[in-house]
Amino acid sequence: MTIELLIAPAATGKTATCIDQIRAAQKENPLAQVWVLVPNQQTAAQFRARLAESGGGMGVRIGFFHHFYQEILEENGRFVPVISQALSHRLIQETVREVSTSGDLTHYDAIKDKLGFFSVLKDSFAELRSALVSPEAFLDYTRGSTPARHELAILYERFLAHLGTLGWIDSEGQVWLAIEALENNSATASHVSLVVVDGFTAFTAAQRRFLKLLGQQADEMIITLTGEPESARMVHRRAQKVLQELDADLSPKIMTVNHPALLGTPILHMEKYVLNPEAVEECELQEPIMLEARSQSEEAREALRWIKQLHVRQSIPLNRCAIYTADLNTYQPLLRAAADEFGLNLRFSQRDPLSESPAILSVLNLLTLPLENYPTRTLLNALHSPYFQFGLENQDVENLEKVCRQAIIVTGKEQWDAAWKMLARKRQDYAEALDEERYRLDLTANVDLLALKQRLERFWDLFARIESPRSQARWVEWLETLLSNMSFYDLISTERDRAACSSLGEALRALVVSEKVVGEREVDYGQFITDLQSALNSVNLEEPTEARKNAVFIGKLVEARGSRYQAVALLGFSEGLFPIVENPDPFLDEDLRKDLGLEPRLKREQASTFYQAFTRANTHLLITRPYLSEDGEAWEPSPYWQAAKALFTGQAIIKIQSFEGRPQAEAASPQELLFWGVQQRQLIYAEDDELQQRWQNLANAHRILDARRAKHAEGVYEGDLFEQASSLAQRYSAGHSWSASRLEAYGNCPYLFFVNSALNLEISKPLEPGLDPAQVGSLYHRILELVYSESMINHTDPLEILDSVAARVFESAPEMFGFRPSALWEVEKSQRLEKLRKSLQALEAERGAWQPIAFEKKFGIQGTPHLELKLSGGKIRLHGVIDRVDRNPNGEIRVIDYKTGSSHLGRPDLQKGLRLQLPIYGMAAQDALQLGEVVDGFYWKINDACASSLQLSNFESEHGKGIEKAYQVTKDYISKYVARIQEGSFMPEPHNTVCPSYCPASQWCWRYRAGYKNE
Ligand code: SF4
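Note that the structure is a prediction, hence the values are computed from the model and not measured.

A. The overall build of the chain, seen in detail. When you go through the chain residue by residue, the secondary structure sums to 36 helices and 24 strands. Considered along the principal axes of its C-alpha atoms, the chain spans approximately 125 × 70 × 50 Å. Residues classed as buried in the chain amount to 52% of the 1015 residues present. Considering only contacts within the chain whose residues lie at least 6 apart along the sequence, 76% involve residues at least 24 apart.

See below:
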């Protein structure tokens, strides 16, 4: 029947007084029932521990407000289930949909489907409930007001009506029922001897009403509040306000304690003087309590390093340490990354959304595949996922990837269907690179396409019947069957994933139950997935039990209340981070808040939050801030940082500018120790074997990096494989048959040759619809070959038969060259035909007396003779395909090679050894194929409709002019390249100033030079 309010500064013994009261009550009546209300888990655990230390807690119930609401209801014989987060979210979603359908939503109609809108409504409804605002009162208040306010009131009223239909209650609504129960039955809590309310910094209107009724029925109630009666200090302003509210509602007897605060010296000094307008004494410190780091990431590392030092050197348990920050969203991943490295357990007050769990993300990615028309990359990722079993082996998935690349499947099941047919009929002439313009690897050569197609059918079957709309319950049933068919639940192995699965179950249940409330409604697959995503976003992931053991607590500054720690670090004391920038609430504006008794959003007492936060530390405190912003600009300190700084002299602040001079004993992880060791060029803890081994590895890495940074590539880390020379000499011996393109690759960059030809690595480009450059090259070559061969046989003008030949080739092209015609294929055909016509006209105009006599002439292939060159290093054999051979009336020969690209076809390219194909083909026509004396040769640039500036007849070099000089230069290069390849010399040194975009090493090569233009 008596309510006491115990108000006193932090750490002065308020909780101890409460425990004394409990002891006294139990002494008087050993069976006395005591209720202790606390704000959070940490406070509950600490209260329990202190109670146990003082002699035991028999008969004492410690819990949160909602535990006691439940208790009151049960005392009155009422059991009202509380809805889950997911169901609450779903009900709000359905309420919005219903109000919109009934035409009552105009102001918010544009955002009615946004996930953020549902979250805002959830918070707004909770605030209105906590302020004891009834739906009728809210509707009355908003009648005649703005549409925004009135629509909010309608949504609030409908949401509560749905809750009533369901017969469940939301967590904020529980207090309403508890208040009703206490009002209706004045003996409900009369058996309670003592109620202790400890660790709160504020109470909602509903909580005050509940406490008043409870206090009237229990024998005694004691409420603690951190602050000072009559204090004018900023840091106590919130306490003054709460004091006034409690005084008005509960009329408690105000008491205080006069014990000195049990805090470490700097914390006590801050407690007394920070933000105190009166004269302040400075306190000299030998140990820093404030730390400035370059970035928020370093700040997080420094805070955890400080905690680890206290843990290791002073044996402070990790669960007696805490970190608070106003901006937990930013610091959470930074702290998590540093803690993983430092080997520390963290426990966050803010849990991750379920939708970010890897298992749930995989499910969502899979389910959205049909909605996005099965984009190939996402589809392959799903097939690779360890969370599903599609009946495909790893090799199957790799083969499917090859099918995608070979048939260029970008998206959609239709492309897959067409691809299987096309690949079954494809024709592949060349198994090796003869001409980089036309070369395409046959990726599916050894794949059993029919069997693979059948195995993939199981995947398509999963989504075979999603076209028909159905109720949420039926969709959930479908999803459960799908997941179980793919062994999703059986493949779950970690505690984190198990927790995610159980939360997934909660979200699915919410979808089913919400339908019972708002009525069954059939929705299509897209709507079901949207609703599911929304439900998953509203559920948070439980932290695994293992992670919670002996862990540092990480919370928001506003959550710093009640519990106490030996060491506390406060992060983010720079301008804009804390105090946080306050913005008005666009949904519940300030006037409405004032009128309905809700907490204001502006002018919140952030100084009081600061006071609460730093006084959570008993002995060790560290306040940190970043001094540089992300763009490297100076970041101003927070006014609270300045206020704290003004209180201390001596070594109070440390600024971390560089790790170079830091004692290695301060390193918090082996990685960090080694990193500092490298910077300082010595490792102090060299006697540790494992560290010594890692130090040696770093020394090796250092040598490699030095080699890679050198101006010229040389040595074993830079492509010098001299140790493999004997096996290379064997592989590339006199019996080896070379193609011009392989030799040219070596000329362009030895390492490119090594990666591409010796290691057989290929560049993997993103899949794009349409023809790739090799297919375009093949198409042009085929048309030109047929036009000239048929015109030669039939004695017709090549230009006259171009259209009919092209039409035939275009018709069979998809099958022959392995591509799927896109929607633009018809347009593309006419554009390509026009290009060919112009090219053919120019080619005919320059022909003069030359007559084409051979096309696609192979040498060194399919039984045709090789070109054999006797060079200084021995005999070299070459093979290839000559696009066209012409003869003049004198019986002389010229060779022509068609190119779709137009760059690197000049005389200098042969002089530098980058283009060797033409002279090789000239020598092959003359010596290997015995077609006659070759007097000329050139590349024909199809797209540019002109010959290359490199012509064999007018070749010039410093050693002389003419075709023989071109041959000599070519032989010299071939001899040199082959010798170097056999020696194992593969330095990454591109001959041009830029690297070719087709180089497979371009994705990792440390000597890559960008800027190549692929024409
Ligand atoms: S990226 Fe450049 S330097 Fe490296 S291997 Fe390729 S071509 Fe050579």
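Now that the structure has been shown, we can carry on.
B. View of empty space enclosed by the protein. Applying the stated criterion across every chain, the model contains four cavities of 30 Å³ or more. Its boundaries defined by the atoms lining it, the largest cavity holds a volume of some 100 Å³. Lining the largest cavity are 13 residues; nearest its centre among them are Cys749, Cys995, Cys999, Ala1001 and Cys1005. A breakdown of the residues in the lining of the largest cavity according to their chemical character gives 11 nonpolar, one polar and one charged. In terms of lining, the second largest cavity is formed by Thr201, Leu225, Thr226, Val235, His236, Arg238, Ala239, Ser608, Tyr611 and Gln612. Mapped onto the lining of the second largest cavity, the elements with two or more residues apiece are strand S5 (220–226), helix H10 (237–250) and helix H24 (606–614). Class assignment of the residues belonging to the lining of the second largest cavity gives a composition of four nonpolar, five polar and one charged.

C. The arrangement of the packing of helix H8 (residues 174–184) against helix H9 (residues 205–217) in detail. One can describe the packing of H8 onto H9 by two numbers: an axis separation of 10 Å at closest approach and a directional angle of 30°. Here H9 runs roughly parallel to H8, going by the angle between their axes. The handedness of the crossing between H8 and H9 comes out as left-handed. Residues Val175, Ala178, Ile179, Leu182 and Glu183 of H8 form the contact with H9, whose own contacting residues are Ala206, Arg209, Phe210, Leu213, Leu214 and Gln217. A breakdown of the residues in the contact of H8 with H9 according to their chemical character gives eight nonpolar, one polar and two charged.

D. Seen up close, the sheet that holds strand S13 (residues 617–626). If you walk across this open sheet you meet the seven strands as S10-S11-S9-S12-S13-S8-S15, and the pairing is parallel. At either end of the open sheet lies a strand with only one pairing partner, and these are strand S10 (346–348) and strand S15 (653–655). Ignoring which end each strand starts from, the neighbouring axes of this sheet average 20° apart. Note that S10 and strand S11 (residues 552–556) share three bridges and pair parallel. Following the sheet pairing, Leu346 is matched in S11 by Val552.

E. Here's a closer look at the site of the ligand. Around the ligand lies a shell formed by Cys749, Tyr751, Leu752, Pro990, Cys995, Pro996, Cys999, Ala1001, Ser1002, Cys1005, Arg1007 and Tyr1008. Looking at the shell around the ligand, its residues break down into 10 nonpolar, one polar and one charged.

F. Representation of the pairing of strand S21 (residues 934–941). Among the eight residues of S21, seven are classified as buried, and the element is accordingly described as predominantly covered. Direction of pairing for strand S20 (residues 893–899) relative to S21: parallel, over a ladder of seven bridges. Bridging from a neighbouring strand, Val895 pairs with Gly937 of S21. In sequence, S21 turns back onto strand S22 (residues 946–951) through a hairpin of four residues, with Ala945 there showing a positive phi of about 55°.

G. Spatial organisation of the side chain of Thr609. In this fold, Thr609 is placed in helix H24. Judged by relative accessible area, which is 5%, Thr609 ranks as buried.

H. Spotlight on the packing of helix H4 (residues 85–101) against helix H20 (residues 495–518). The N-to-C vectors of H4 and H20 enclose an angle of 40°; their axes lie 8 Å apart at closest approach. Taken together, the axis directions place H4 and H20 in an arrangement best described as oblique. Two packed elements cross with a definite hand, and for H4 against H20 that hand is right-handed. Contacts between H4 and H20 involve Gln85, Ala86, Leu87, Arg90, Leu91 and Glu94 on the former and, on the latter, Glu506, Ala507, Ala510, Leu511, Val513, Ser514, Val517 and Val518. In the contact of H4 with H20, the residues fall into nine nonpolar, two polar and three charged.

I. Structural view of the packing of aromatic side chains. Per the counting criterion, the structure on display carries 53 aromatic pairs. Centre to centre, the rings of Phe459 and Phe463 are 5.8 Å apart; their planes meet at 70°, and the pair counts as edge-to-face. In this pair, the class of Phe459 matches that of Phe463, namely buried. Of note, Arg625 hangs over the ring of Trp641, and the distance from its end group to the ring centre comes to 5.6 Å. The positively charged end of Arg884 is found above the aromatic ring belonging to Tyr788, 4.2 Å away from the centroid.

J. Main features of the sheet that holds strand S1 (residues 2–8). The strand order S3-S2-S4-S5-S1-S6 describes an open sheet built from six strands, whose pairing is parallel. At either end of the open sheet lies a strand with only one pairing partner, and these are strand S3 (60–63) and strand S6 (253–255). Here the strands of the sheet are splayed against their neighbours by 15° on average, with no regard to which way each runs. Sheet analysis places S1 next to S5, joined by seven bridges and oriented parallel. Its bridge partner lying in S5, Ala8 is registered against Thr226. Seen against the sheet, helix H3 (residues 65–75) touches strand S2 (33–37) and S3 and runs at an angle of roughly 125° to S3. The sheet contacts of H10 involve S1, S5 and S6, and relative to S5 the element is tilted by about 160°.

K. Summary view of a nonpolar patch on the surface. A grouping of Val716, Tyr717 and Phe722 is seen on the molecular surface, where their side chains present a nonpolar patch of about 280 Å² in accessible area. Topologically, Tyr717 is positioned in the loop between helix H27 (689–709) and helix H28 (725–731). Take Tyr717: its relative accessible area is 32%, and that puts it in the partly exposed class.

L. Structural view of the pattern of salt bridges. Inspection of every chain in the model, using the stated rule, returns 54 salt bridges. When the shortest N-O distance is used, the salt bridge between Glu605 and Arg237 registers 3.8 Å. With Glu605 in the loop between helix H23 (590–596) and H24 and Arg237 in helix H10, the pair connects residues that are 368 residues apart, well separated along the chain. For Glu605, a relative accessible area of 23% corresponds to the partly exposed category.

M. Main features of helix H30 (residues 750–758). For H30, the buried fraction is high: eight of the nine residues fall into the buried class. Where H30 is concerned, the buried positions are Pro750, Tyr751, Leu752, Phe753, Phe754, Val755, Ser757 and Ala758. Buried residues belonging to H30 abut H28, strand S16 (737–739), helix H29 (740–748) and helix H36 (963–983). Following H30 by one or two positions, Asn760 adopts a phi angle in the positive range, close to 60°.

N. Representation of the side chain of Ser948. One can find Ser948 in strand S22. Within the structure, Ser948 has its side chain in polar contact with the backbone oxygen of Leu950 (distance 2.8 Å). For Ser948, the residues in contact, after removing those within four places along its chain, are Leu905, Phe938, Tyr939 and Lys941.

O. Structural view of the pairing of strand S12 (residues 565–571). Within S12, six of the seven residues are buried, which leaves it mostly tucked inside the rest of the structure. Sheet topology places strand S9 (residues 321–325) next to S12; five bridges connect them, and they run parallel. Among the inter-strand pairings, Thr325 is bridged to a residue of S12, identified as Leu571. Direction of pairing for S12 relative to S13: parallel, over a ladder of five bridges. Each bridged residue has a counterpart across the sheet, and for Leu570 the counterpart in S13 is Ile623.

P. Focus on unusual backbone geometry. With an omega of 5°, the peptide bond running from Phe578 to Pro579 counts as cis. By the element assignment, Pro579 lies in the loop between S12 and H23. The phi dihedral of Leu275 is positive, around 55°, even though this residue is not glycine. You will see that Ser487, though not glycine, has its phi angle at about 60°, which is positive.

Q. Inspection of the confidence of the model for the chain at higher detail. This prediction gives the chain a mean pLDDT of 91; 98% of its residues lie at or above 70. Scored below 50 in pLDDT, residues 429–433 makes 12 contacts in the model with residues more than four places away or belonging to other chains.

R. Expanded view of helix H31 (residues 773–794). In this model, H31 (22 residues) spans 32 Å end to end at C-alpha, consistent with the 32 Å of a helix rising 1.5 Å per residue. Counting buried residues along H31, 16 of its 22 residues qualify, which places the element largely inside the surrounding structure.

Rules of the game
- Residues numbered from 1 in each chain as written.
- Predicted model: local features only at pLDDT ≥ 70, side-chain atom pairs only at ≥ 80, totals over all residues.
- Heavy atoms only, no water.
- Helix = DSSP H or I, 4+ residues; strand = E, 2+ residues; numbered from the N terminus.
- Buried < 20%, exposed > 50% of the residue type's maximum accessible area, 1.4 Å probe, protein only.
- Contact = heavy atoms within 4.5 Å.
- 1 Å grid on protein atoms, 1.4 Å probe; cavity = no way out; pocket = protein on both sides within 12 Å on 5 of 7 lines; lining within 4 Å.
- Points joined across faces, edges and corners; volume = space filled by probe spheres on them.
- Nonpolar A, V, L, I, M, F, W, Y, C, P; charged D, E, K, R; others polar.
- Axes fitted to C-alpha atoms, helices over the stretch in contact; angles between N-to-C directions.
- Parallel < 35°, antiparallel > 145°, perpendicular 65-115°, else oblique.
- Left-handed = near helix turned anticlockwise from the far one by under 90°.
- Pairing = 2+ DSSP bridges.
- Near = heavy atom within 4 Å.
- Phe/Tyr/Trp six-rings, centres within 6.5 Å; stacked < 30°, edge-to-face > 60°.
- Lys NZ or Arg CZ within 6 Å of the ring centre and 35° of its normal.
- Patch = residues over 30% accessible without salt bridge, like charges linked within 9 Å, V, L, I, M, F, W, Y side chains within 5 Å.
- Areas by Shrake-Rupley, 256 points an atom, 1.4 Å probe, with all protein chains shown as cover.
- Salt bridge = Lys/Arg side-chain N within 4 Å of Asp/Glu carboxyl O.
- Polar contact = N/O pair within 3.5 Å; in protein donor to acceptor, adjacent residues only side chain to side chain.
- pLDDT = per-residue confidence, 0-100.
- Expected span 1.5 Å × (residues − 1).

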